[in-house]
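A closer look at the structure
Chain by chain, the residues run as shown.
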Amino acid sequence: MIQETTFAYKPSEHEAEKASNSYLMSLVAVIAGLPLPILNLIATFFFYIANRKSTYFVRWHCMQSMFSQFALLAINSCSFWWTVSIIFTDEKVSNQYFAYIFTVIIFNVLELISTIYGAIQTRKGKHVEFLFFGNLTNLICRP
């Protein structure tokens, strides 16, 4: 799920801190705006914008964090609106609904764990790539 690789150079202390903060930004946004999943994406987007002219290591991790928050936004938004439709319309609670909510909870827990792990390892100057988002970031982010 998470792969550790090394960059051609060792990032400085300042770079490792900024890259680690890109993951911590999404955790702080989760605490501040739990009912509104778009706050996580907005926070990581603005952190990426603030660091888009930084070193490749920092930009790469900011972008990976933003991509993971984008996927989380899509999944959480679907569950939110499905729940709203059950509460305010005649729609019945089904097995598919519970299966989806269970999947969303599992995905959120895995994303939380991987974000914390990514923040810790990046702070140590190690390069971590998430399963899907690392490949996507490699395609888009160039040195």
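Above this text sits the structure in question.
So, a few notes on the structure that sits alongside this text. (Residues numbered from 1 in each chain as written. Predicted model: local features only at pLDDT ≥ 70, side-chain atom pairs only at ≥ 80, totals over all residues. Heavy atoms only, no water.)

Some remarks on the nonpolar core
This is how the line gets drawn: Here, nonpolar core refers to any group of buried Ala, Val, Leu, Ile, Met, Phe, Trp, Tyr and Cys residues whose side-chain atoms link them within 4.5 Å. Think of it in three bands: residues with accessible area under 20% of the maximum for their type are buried, residues over 50% are exposed, and the middle band is partly exposed, with areas taken using a 1.4 Å probe on protein chains only. The helix count covers DSSP runs of H or I at least four residues long, the strand count covers runs of E at least two residues long, and both are numbered beginning at the N terminus. Pairs of residues are marked as contacts when any of their non-hydrogen atoms sit within 4.5 Å.
The biggest cluster of nonpolar side chains holds 18 residues, and the ones touching the most others in it are Y23, Y48, C62, M63, F133 and C141. Elements represented by at least two residues in this core include exactly α2 (38-50), α3 (56-88) and β2 (127-130). No other element matches α3, which puts nine residues into this core. Setting aside its immediate chain neighbours within four residues, C141 contacts Y56, R59, W60 and M63.

Overview of the side chain of T137
Of note, T137 is situated in helix α5 (residues 133-140). Each residue touching T137, except ones within four places of it in the same chain, is listed here: W60, M63, Q64 and F67.

It is worth stressing that arrangement in space is one thing and function is another; only the former is reported here.
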